[in-house]
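The residues making up each chain are set out below.
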Amino acid sequence: MNYINSKSKRITALFLLFLTAGCMLLTISACNTRDSAGKSPIESVNDLADAKVGVQLGTVGDTYVSDQYPNADIEQFNKGADAIQALKQGKVDCVVIDKFPAQAFVSANKDLSILDQEFTNEEYAICVAKENTDLLNDINAALNQLNSNGTIEKIIDNYIGDDTKGSYQYKTPDGTDKSKGTLVMATNAAFEPYEYMDGGKITGIDADIALAISDILGMELEIEDMEFDSIISAVQSGKADFGMAGLTVTEDRLLSINFSDSYTTSTQVIVVRNGNTDDSSFISIEKIKNNFIKDNRWQYIAKGLGTTLVISFFSVIIGVVLGVIFAIIRATCDKTGKLKLLNLLIRIFVTIIRGTPVMIQLLIIYYVIFASSNIDKVPVAIIAFGLNSSAYMTEIVRSGIMSIDNGQFEAGRSLGFSYIQTMRYFILPQAFKNVLPAVGNELIVLIKETSISGYIGIMDMTRAGDYIRSRTYDAFLPLIAVALIYLAIVMILSTLVGKLERRLNKDGK
Amino acid sequence: MENDIMISIRNLHKSFKDTDVLKGIDIDIKRGEVIAIIGPSGCGKSTFLRCINHLEEPTGGEILIDGININDKKTDINKQRQKMMMVFQNFNLFPHMSILENLTIAPIKLKNKTKTEAEEKARELLARVGLTEKINAYPGQLSGGQKQRVAICRALAMEPEAILFDEPTSALDPEMVGEVLDVMKNLAGSGITMICVTHEMGFAREVASRVIFIDEGRIAECGTPAEIFGNPKNRRLKDFLSKVL
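Residues numbered from 1 in each chain as written. Chains lettered and ligands numbered in written order. Predicted model: local features only at pLDDT ≥ 70, side-chain atom pairs only at ≥ 80, totals over all residues. Heavy atoms only, no water.

Let's talk about the overall build of chain B
Phase 1 of the analysis: Of the regular secondary structure elements, chain B holds nine helices and 10 strands.
Phase 2 of the analysis: The C-alpha radius of gyration computed for chain B amounts to 18 Å, which stays within 12% of the reference 18 Å derived for 245 residues, consistent with globular compactness.
Phase 3 of the analysis: Along the three orthogonal principal directions, the C-alpha set of chain B runs to about 50 × 45 × 40 Å.
Phase 4 of the analysis: Within chain B, the fraction of its 245 residues that count as buried is 56%.
Phase 5 of the analysis: Taking all contacts inside chain B whose residues are at least 6 apart in sequence as the whole, residues at least 24 apart take part in 65%.
Phase 6 of the analysis: On chain B, the mean spot of the 33 positive side-chain charges and the mean spot of the 34 negative ones are 2 Å from each other. (Helix = DSSP H or I, 4+ residues; strand = E, 2+ residues; numbered from the N terminus. Rg over C-alpha atoms; globule rule 2.2 N^0.38 Å. Buried < 20%, exposed > 50% of the residue type's maximum accessible area, 1.4 Å probe, protein only. Contact = heavy atoms within 4.5 Å. Lys, Arg positive; Asp, Glu negative; His and termini not counted. Charge placed at Lys NZ, Arg CZ, Asp CG, Glu CD.)

Examining empty space enclosed by the protein
Residues and elements named next belong to chain A.
Phase 1 of the analysis: Inspection of every chain in the model, using the stated rule, returns five cavities of 30 Å³ or more.
Phase 2 of the analysis: In this structure, the largest cavity encloses a volume near 50 Å³.
Phase 3 of the analysis: Around the largest cavity, the lining residues are Lys79, Asn188, Ala189, Ala190, Asp225, Arg463, Asp466, Tyr467 and Ser470.
Phase 4 of the analysis: Sort the elements by how many residues they give to the lining of the largest cavity and helix α17 (residues 461-472) lands first, with four residues.
Phase 5 of the analysis: Grouping the constituent residues of the lining of the largest cavity by class yields three nonpolar, two polar and four charged.
Phase 6 of the analysis: Summarising the domain contributions, the lining of the largest cavity has at least three residues from each of domain 1 (126-261) and domain 2 (307-508).
Phase 7 of the analysis: Each pocket or cavity is described by its volume, and for the second largest cavity that value is around 40 Å³.
Phase 8 of the analysis: Lining the second largest cavity, in full, are Phe105, Ala189, Ala190, Phe191, Glu192, Tyr196, Ser470, Arg471 and Tyr473.
Phase 9 of the analysis: The class makeup of the residues in the lining of the second largest cavity is six nonpolar, one polar and two charged.
Phase 10 of the analysis: If you count residues domain by domain, the lining of the second largest cavity takes at least three from each of domain 1 (126-261) and domain 2 (307-508). (1 Å grid on protein atoms, 1.4 Å probe; cavity = no way out; pocket = protein on both sides within 12 Å on 5 of 7 lines; lining within 4 Å. Points joined across faces, edges and corners; volume = space filled by probe spheres on them. Nonpolar A, V, L, I, M, F, W, Y, C, P; charged D, E, K, R; others polar. Domains from an automatic or database assignment.)

Overview of the packing of aromatic side chains
Phase 1 of the analysis: Applying the stated criterion to the full structure yields 13 aromatic pairs over all chains.
Phase 2 of the analysis: Taken together, the aromatic side chains of A:Phe100, A:Tyr124, A:Phe191 and A:Tyr194 make up a single cluster linked through ring pairs.
Phase 3 of the analysis: Sitting above the plane of the A:Tyr467 ring, A:Arg463 keeps its charged end 5.7 Å from the centroid.
Phase 4 of the analysis: Lying across the ring of B:Phe94, B:Arg154 places its NZ or CZ 4.7 Å from the centre. (Phe/Tyr/Trp six-rings, centres within 6.5 Å; stacked < 30°, edge-to-face > 60°. Lys NZ or Arg CZ within 6 Å of the ring centre and 35° of its normal.)

Thoughts on unusual backbone geometry
Phase 1 of the analysis: The omega angle of the peptide bond from A:Glu192 to A:Pro193 is 5 degrees, so this bond is cis rather than trans.
Phase 2 of the analysis: Considering the arrangement of structural elements, one finds A:Pro193 in the loop between β6 (190-191) and β7 (195-198).
Phase 3 of the analysis: Even without glycine at this site, A:Leu339 takes up a positive phi of about 55 degrees.
Phase 4 of the analysis: Looking at where A:Leu339 falls in the secondary structure, it is placed in the loop between α11 (298-336) and α12 (340-355).
Phase 5 of the analysis: Phi angles above zero are rare outside glycine, and B:His54 is one such case at about 70 degrees.
Phase 6 of the analysis: Checked against the element boundaries, B:His54 lands in the loop between α1 (45-52) and β4 (60-65).

Considerations on the interface of chain B and chain A
Phase 1 of the analysis: The interface of chain B with chain A comprises 26 residues on the first partner and 20 residues on the second.
Phase 2 of the analysis: For the pair chain B and chain A, the two sides together bury roughly 2000 Å², of which 61% comes from carbon and sulfur.
Phase 3 of the analysis: Here chain B is connected to chain A by one salt bridge.
Phase 4 of the analysis: A salt bridge links A:Glu410 to B:Arg50; the shortest N-O distance between them is 2.5 Å.
Phase 5 of the analysis: Taken together, chain B and chain A are joined by six residue pairs in polar contact (both at pLDDT 80 or more).
Phase 6 of the analysis: Put simply, the parts of the chain that give the side of chain B that touches chain A at least two residues each are α2 (77-81), β6 (84-87) and α3 (99-110) of chain B.
Phase 7 of the analysis: A total of four residues in the side of chain B that touches chain A trace back to one element, the largest contributor, which is α3(B).
Phase 8 of the analysis: Residues of the side of chain B that touches chain A, tallied by class, amount to 15 nonpolar, seven polar and four charged. (Buried area = accessible area lost by both parts, 1.4 Å probe. Salt bridge = Lys/Arg side-chain N within 4 Å of Asp/Glu carboxyl O. Polar contact = N/O pair within 3.5 Å; in protein donor to acceptor, adjacent residues only side chain to side chain.)

Some words on the domain arrangement of chain A
All names here are of chain A.
Phase 1 of the analysis: As assigned here, chain A comprises domain 1 (126-261) and domain 2 (307-508).
Phase 2 of the analysis: Of the roughly 1300 Å² buried where domain 1 meets domain 2, counting both sides, 42% is carbon and sulfur surface.
Phase 3 of the analysis: Counting across the domain 1 and domain 2 interface gives three salt bridges.
Phase 4 of the analysis: The partner of Arg463 in a salt bridge is Glu227, with the nearest N and O atoms 4.0 Å apart.
Phase 5 of the analysis: Counting across the domain 1 and domain 2 interface gives four residue pairs in polar contact (both at pLDDT 80 or more).
Phase 6 of the analysis: Elements supplying a minimum of two residues to the side of domain 1 that touches domain 2: β7, β9 (220-225) and α8 (231-236).
Phase 7 of the analysis: Per element, the largest residue contribution to the side of domain 1 that touches domain 2 is three residues, and it comes from β7.
Phase 8 of the analysis: In terms of residue class, the side of domain 1 that touches domain 2 is made up of seven nonpolar, five polar and six charged.

Description of the pairing of strand β7 (residues 162-166) of chain B
Residue and element names in this part refer to chain B.
Phase 1 of the analysis: With five of its five residues buried, β7 lies for the most part within the structure.
Phase 2 of the analysis: One ladder, built from four bridges, connects β6 with β7; its direction is parallel. Counted as the bridge partner of Val87 is Phe165 from β7.
Phase 3 of the analysis: Of the pairings in the sheet, the one linking β7 to strand β8 (residues 193-197) comprises five bridges and is parallel in character. (Pairing = 2+ DSSP bridges.)

A few points about the sheet that holds strand β8 (residues 201-203) of chain A
Strand pairs in the sheet, formed through backbone hydrogen bonds, run parallel or antiparallel to each other.
Residues and elements named next belong to chain A.
Phase 1 of the analysis: Ordered in space as β6-β7-β8, the three strands form an open sheet in which the pairing is antiparallel. Edge positions in the sheet fall to β6 and β8, since each has one partner strand and no second.
Phase 2 of the analysis: One ladder, built from three bridges, connects β7 with β8; its direction is antiparallel. By the bridge assignment for β8, Met197 is matched with Ile202.

Some details on the nonpolar core
Generally speaking, a soluble globular protein has its nonpolar side chains buried in company with each other.
Phase 1 of the analysis: The biggest cluster of nonpolar side chains holds 151 residues, and the ones touching the most others in it are A:Ile401 and B:Phe48.
Phase 2 of the analysis: At 13 residues, the largest contribution of residues to this core is made by helix α16 (residues 419-449) of chain A.
Phase 3 of the analysis: There are two domains that each give this core at least three residues, and those are domain 1 (126-261) and domain 2 (307-508) of chain A.
Phase 4 of the analysis: Once you skip the residues sitting within four places of it in the chain, B:Phe48 turns out to touch B:Ile9, B:Leu12, B:Leu22, B:Ile25, B:Ile27, B:Ile37 and B:Ile214. (Core = buried A, V, L, I, M, F, W, Y, C linked by side-chain atoms within 4.5 Å.)

Re a nonpolar patch on the surface
Phase 1 of the analysis: The grouping of A:Leu339, A:Leu341, A:Leu342, A:Leu344, A:Leu345, A:Ile348 and A:Ile352 at the surface amounts to a nonpolar patch, some 650 Å² of accessible area in total.
Phase 2 of the analysis: Summarising the element assignment, A:Ile352 is placed in helix α12. (Patch = residues over 30% accessible without salt bridge, like charges linked within 9 Å, V, L, I, M, F, W, Y side chains within 5 Å. Areas by Shrake-Rupley, 256 points an atom, 1.4 Å probe, with all protein chains shown as cover.)

Thoughts on the layout of surface pockets
Phase 1 of the analysis: A volume near 830 Å³ is recorded for the second largest pocket.
Phase 2 of the analysis: If you trace the second largest pocket, you find 17 residues lining it, with A:Thr336, A:Lys338, A:Arg413, B:His54 and B:Leu55 closest to the centre.
Phase 3 of the analysis: Of all the secondary-structure elements, those providing two or more residues to the lining of the second largest pocket are α11 and α15 (406-414) of chain A together with α2 of chain B.
Phase 4 of the analysis: Sort the elements by how many residues they give to the lining of the second largest pocket and α15(A) lands first, with four residues.
Phase 5 of the analysis: For the lining of the second largest pocket, a count of residues per class yields four nonpolar, four polar and nine charged.

Some thoughts on the side chain of A:Asn388
Residue and element names in this part refer to chain A.
Phase 1 of the analysis: Here Asn388 shows up in helix α14 (residues 377-403).
Phase 2 of the analysis: Residue classification places Asn388 among the buried residues on the basis of a relative accessible area of 2%.
Phase 3 of the analysis: Asn388 has contacts with Ile353, Val358, Gln361 and Glu449, leaving out every residue within four places of it along the chain.

A word on α14(A)
Phase 1 of the analysis: Relative to the 39 Å expected for 27 residues at 1.5 Å per residue, α14(A) spans 39 Å between its end C-alpha atoms, a close match to the ideal helical length.
Phase 2 of the analysis: Among the 27 residues that make up α14(A), 19 are buried, leaving the element largely enclosed by the rest of the structure. (Expected span 1.5 Å × (residues − 1).)

Here's what the structure looks like:
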């Protein structure tokens, strides 16, 4: 009986899973019919004036188009690759972006072209915190040396230019002394050829030049990947020693940060759809291979899944433990009028946590509270999500405690149990049974909320999907794959919570 | 040992906000006595009982149990409470635990009994009240009368010196009152101190060694059942008895 029951349930669950996946597919294909938007209505720089322009948030392209074409409809994307994807799907008419990344995008997408006209020359430089003039001087000296011995030119040629591509791979010279510590570089690795993920590590022109600089300074190089618009604040707050991500020197940026001498120049170009068609099917063997098999890209998702699970698991523990403690204190105050001060503090904590977005809390904890310490990011995320969850858990568990009849307290106390023992043996077990569905719900929310870990540069599962997307320009497969894994985790969790619920119900008839 | 005073109450006051419920109660209760507390509803008899094991904190006066002031902050109230168990109007069994667990958890956790000892004692008590077959049931599966009998066993499992009954039959259907009163009558002969707030005048008359009539927060009359029921002096007591008898 039981066996058949659980089996049929499992089948229902699987059926639902596939139904959902099917719905996603249908919805997306329905939206996608307008994708064959065809050729962009942009033929020259002049057409930008009232066009829909895609840019990467905080880049020179962004500020330039905003300043020069106030009537243009500007859409800001977190990554260049996202802007290119929007262009392919007809959501914007063109994308204004740095020349070499544009070339990399175009070579990977045969439905895109670059307009001949270029505008604005810009100088790429390395940014360093205002007060860190020693490092700035060291970097300038190193750049000078690398320029004069031709290393920079060779590195750039290695990534750009049909004839010279792959001609020279910079390597740390044998016997280099690396004993003077570690340099942390902040970048956004979705900007080929300057910095991008390849075979699991960040590579590109900037990455190689940074390595050459750290070799000269006798230091180890550590590259931190983050959102482009987080780079400058990361350097300012000391999370990274310097930022290098195709950063252009601008007046605005100079207000908050110092720049080194320029190491290369670039121009902004306009990428448009050329009217050709690209492979537009959603699922093909080719696409699956490209998204998951090639360069072992599935490993990003596997590693990301691990990170997501670690963050979820430990933040759930923090959330539950703190939530129960806080709830007991709150309920004790409600019932007996004791612990007033603690209760007030917890109420303030709960109000703040529940009143602000978890993403802001994550950013504040990383960039403000742990600003000066070079702490590992995963524990930061665990603390952030754990604290966030504890606030919700406090109120859930408190409502459970308050729902138990006062006679239960009196029965426990009159037998001679202390307040804490009464809580532990009689009140909490009953309260938990009552609030289990709400707790399960909170755990589900928490697991999915960890998907914003990428904002402080953690390679969680969502971020892993993003990486693949930025390399393959395919939105469908990586996003669906990630979505299905979240769905599976949540389904497993709800099943476990449901089982526990049934078991507790059997007992306490 | 005949005059061994267990509970000594001096000038006990209790008020909730602006309402004075107890306005000065003095009484000594000897070991082994069976006290019935009667009185009109709202007269403070339940509050009085709850003060004795400190479920209510008195606002004035003192309560000495074996000479120890239980309202003293330095007194370990949990230790004192173990001497006098409480039986509630609404049973207050633990619904998430089986009958056996309800009976054994306190002896195991508080009196360092082994599981075997505690379970043996629980079986013996359940047999005494005729509920052996319910040992593995949960409170939700029992009738009101059965629940109250289990609650009495739970109190007895702690081997207390006294049991405080707070209107133990008031929440029961009429046909179940008898089975609970029978258990209490049997108990009365065993030498344990019993203090019962009750509306069962028959029980008070038959079983109690002393009856206390509380009216408007004071002991208005106190005496043997024969004195109280046969020859009431207080006008309010006469009034009360004429209504309930």
